[in-house]
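Residue strings, one per chain:
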Amino acid sequence: MAVSPASSSTEQSVLVVGGGIAGLLSARMLARKGFKVTVVEGRAHLGGAVGSHQLAGMVLDAGAESFATRSTVVSDLLQELGLKDKIVLPNSLGSWLYLPTGAKPSPSTGLMGIPGSFDDPALKATLSASGIARARMDKFLTASVGAKAKTLGELVRARMGQQVLDNLVAPVVSGVHSVHPDKLDVDVVTPGLKDAMLRLGSLAAAAGSIRKAAPAGSAVAGIEGGMNQLSEALVQDLQRMHVRIMTGFNVIAVDRDPVTGEWTLIQRRSDVGARPIAISAPNLVMATDGPTAVRILGSHLPAHAVPSIKAGPEIALVSLVVDKPELDRAPRGTGLLISDQVTNVRAKALTHASAKWQWVADKLGEGRHVVRLSYGRSSDANSPLSEVALHDDQLITLALHDASKLLGTNISPKQLVDADVVRWQGAMPAPKAGHKEKIVAFRQSLDQLEGVCAVGAWLSGTGLVAVTKDTHAVIEAYADELLNHH
């Protein structure tokens with residue numbers, strides 16, 4: 001789609017607060033429609049959780065490293081940005097689970113750990129005979145059992161029993177969302193699952209059907225060179241369209257002029273004494289995390305319309321580059337998700353990046369590997385003993401210990417080539433029970449504020465597919481309303 005010059009009807013300014021993927025997508029859509037757009041971001045880098053870092057001379061993903069293929073919205077975006085030819089699928093080694101009984105291959109037929117078939121041989125390694133028997137009851141229960149469940153944990157427990165929840169679903173969900181399934185809104189984290197269950201008659205059939213709907217035979221895909229290229233391509237596109245981008249601009253509040261109706265961003269004063277810059281425009285897109293959006297817009301809304309949104313737990317990602325030829329055989333597939341009942345390992349997930357992505361292995365060569373461990377269990381979020389409270393060098397030492405346990409081979413400090421710790425605060429919001437209703441009410445309340453809308457993972461749900469789809473829908477409607485209004 002060619003960018004048309006702004007006409008008198010579209011010569012409007014929009015401020016986008018937040019330079020993560022939702023903010024960059026919003027700015028791109030608005031600029032393509034002819035709006036004059038300014039993006040402000042408090043941090044020094046753009047792209048939010050889709051960022052990069054360097055280890056051992058390689059550029060690797062510092063956050064998201066894949067996207068779900070259940071929808072084509074992300075691949076369509078990558079095609080628009082000229083990255084379609086770089087889309088790659090992970091190696092088909094499969095992932096593992098780490099349970100109190102040890103490392104076990106993960107079942108490959110279901111969704112979020114929910115088995116899609118009880119014939120999967122991996123179930124015998126992860127469930128006892130009684131656990132499998134209880135899970136099989138799912139197909140004999142009426143479809144209404146669990147239909148009113150508010151959380152994913154409640155649904156799985158009702159249909160398949162506690163062992164499926166503990167050994168299969170909880171490790172996956174905790175690894176992805178950093179919270180237990182008992183706290184996750186089932187309608188947000190697995191949209192359409194309950195509807196499919198009512199239609200097909202069982203939870204297993206529903207999970208299997210959704211899994212099969214993912215194209216290309218894989219649930220995820222990535223980009224050769226890293227997902228960080230998506231952020232870079234979006235920024236380059238915005239620069240080409242002359243979008244104004246300001247990093248290091250920390251917005252602490254917004255004011256609205258009662259006469260002109262313009263929104264003015266109030267910037268936190270710089271530590272170096274630089275004079276704050278005032279930026280105003282009649283239209284405002286909030287593309288920040290939930291707590292920030294609520295704090296900034298809350299004073300302009302009725303008290304009953306302001307949701308209580310807590311920041312997600314701090315996550316620490318520890319990436320290790322190691323010389324370890326024994327890992328060439330990928331002893332634990334593409335990585336492991338770890339049960340929170342495990343006590344000898346503190347990580348909640350491990351990705352064997354050089355086993356998962358061929359382009360990483362090709363760059364490293366034989367014998368050298370990249371593993372990435374994720375820390376930040378929700379149960380330890382406020383504890384001073386939480387592993388995320390450790391200094392970087394302590395976390396790296398812990399990661400070497402955990403990686404050795406998880407991969408079944410000792411990795412010594414002498415074999416460590418390089419390491420880095422990346423910390424994310426609230427980057428992966430967990431949609432807890434009742435979250436959907438809060439979001440609907442919040443967005444309805446924004447209708448009272450002229451020229452304002454909000455996007456982001458806390459509103460759409462976690463993942464590039466959810467963020468991209470929601471941002472497209474919201475900004476399309478928002479732009480149409482602005483154009484029609486003027």
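So, a few notes on the structure that sits alongside this text. Every value quoted in this text rests on a predicted model; they were computed, and no experiment measured them.

1. Regarding the sheet that holds strand β20 (residues 452–454)
Reading across the sheet, the five strands line up as β10-β2-β1-β14-β20 and stay open at both edges, with parallel pairing between neighbours. The two strands at the open ends of the sheet, each matched to only one other strand, are β10 (244–247) and β20. Ignoring strand direction, the axes of neighbouring strands in this sheet form an average angle of 15°.

2. Here we look at the packing of helix α8 (residues 193–200) against helix α9 (residues 203–212)
The angle between the axes and the distance between the axes are what describe a pair of packed helices. Look at α8 against α9: their axes get within 8 Å of each other, and the N-to-C directions meet at 120°. The angle between α8 and α9 falls in the class oblique. Pair α8 / α9 crosses with right-handed handedness. In this structure, α8 uses L193, A196, M197 and L200 to contact α9, whose residues at the interface are L203, A205, A206, A207, S209 and I210. Grouping the amino acids of the contact of α8 with α9 by side-chain chemistry returns nine nonpolar, one polar and no charged.

3. A closer look at the pairing of strand β4 (residues 58–61)
Judged from the four bridges that link them, strand β3 (residues 52–55) and β4 form a sheet pairing that is antiparallel. Bridge pairing links Q54 to V59 in β4.

4. Notes on α8
Buried within α8 are the following residues: L193, K194, A196 and M197. Projected down its long axis, α8 carries its buried residues within an arc of 160°, all on one side. Across α8 from its buried face, at more than 90 degrees, point the exposed residues D195 and R199. Turning to α8, the residues buried within the fold contact α5 (152–160), α7 (186–189) and α9. Immediately downstream of α8, the backbone of G201 shows phi near 95°, a positive value.

5. Quick word on the nonpolar core
With 45 residues, the main nonpolar core has V16, L30, V37, L230 and V285 as its most contacted residues. Among the elements of the structure, β1 (13–17), α1 (21–32), β2 (36–41), β5 (67–68), α2 (73–80), β9 (220–223), α10 (228–240) and α17 (464–485) are those that each provide at least two residues to this core. Filtering out sequence-adjacent residues up to four positions away, V285 remains in contact with V14, L15, V16, V17, S26, L30, C453, V455, I475 and Y478. In this structure, I132, L184, V189 and A204 belong to the second largest nonpolar core, which totals 34 residues.

6. Quick notes on the sheet that holds strand β7 (residues 96–99)
Whether parallel or antiparallel, the strands of a sheet pair through hydrogen bonds between backbone atoms. In spatial order, the strands read β8-β7-β16-β17-β18-β15-β19; together these seven strands make up an open sheet with mixed pairing. The two strands at the open ends of the sheet, each matched to only one other strand, are β8 (102–105) and β19 (416–425). Taking the axes of each pair of neighbouring strands and ignoring which way they run, one obtains an average angle of 20° across the sheet. Alignment of strand β17 (residues 349–352) against strand β18 (residues 368–375), held across four bridges, turns out to be antiparallel. Across the sheet, the residue bridging to H352 is V371, located in β18. The strands that helix α6 (residues 162–177) touches are β7, β16 (335–338) and β17; relative to β7, the one it contacts most, it runs at about 105°.

Criteria and cut-off values
- The residue count restarts for each chain, going from 1 along the sequence in the order it is written.
- With pLDDT at 70 or above as the cut-off, local features in this predicted model cover only qualifying residues; side-chain atom pairs require 80 or more to be listed or tallied, and sums for whole chains, interfaces and linings still use all residues.
- For the side-chain quantities, the full set of heavy atoms in the structure was used; hydrogens and water were omitted.
- Whether two strands pair depends on DSSP finding at least two bridges between them.
- Secondary structure elements are taken from DSSP: a helix is a run of H or I of four residues or more, a strand is a run of E of two residues or more, and numbering for both begins at the N terminus.
- Geometry is summarised by axes, namely lines fitted to C-alpha atoms with helices restricted to the contacting stretch, and by angles between N-to-C directions that run from 0 to 180 degrees.
- Angles below 35 degrees are treated as roughly parallel, those above 145 as roughly antiparallel, those between 65 and 115 as roughly perpendicular, and all remaining angles as oblique.
- Should the near helix be turned anticlockwise from the far one by less than a right angle, the crossing is left-handed, and should it be turned clockwise, the crossing is right-handed.
- Residue contacts are defined here by distance: any two heavy atoms, one from each residue, within 4.5 Å place the two residues in contact.
- Just so you know the grouping, Ala, Val, Leu, Ile, Met, Phe, Trp, Tyr, Cys and Pro go in nonpolar, Asp, Glu, Lys and Arg go in charged, and all remaining residues, Gly too, go in polar.
- The buried label applies to any residue whose accessible area, calculated with a 1.4 Å probe on protein chains only, is under 20% of its type's maximum; exposed applies above 50%, and partly exposed to all values in between.
- To be clear, the arc concerns the directions from the helix axis to the C-beta atoms.
- In this text, buried Ala, Val, Leu, Ile, Met, Phe, Trp, Tyr and Cys residues form a nonpolar core when linked through side-chain atoms within 4.5 Å.

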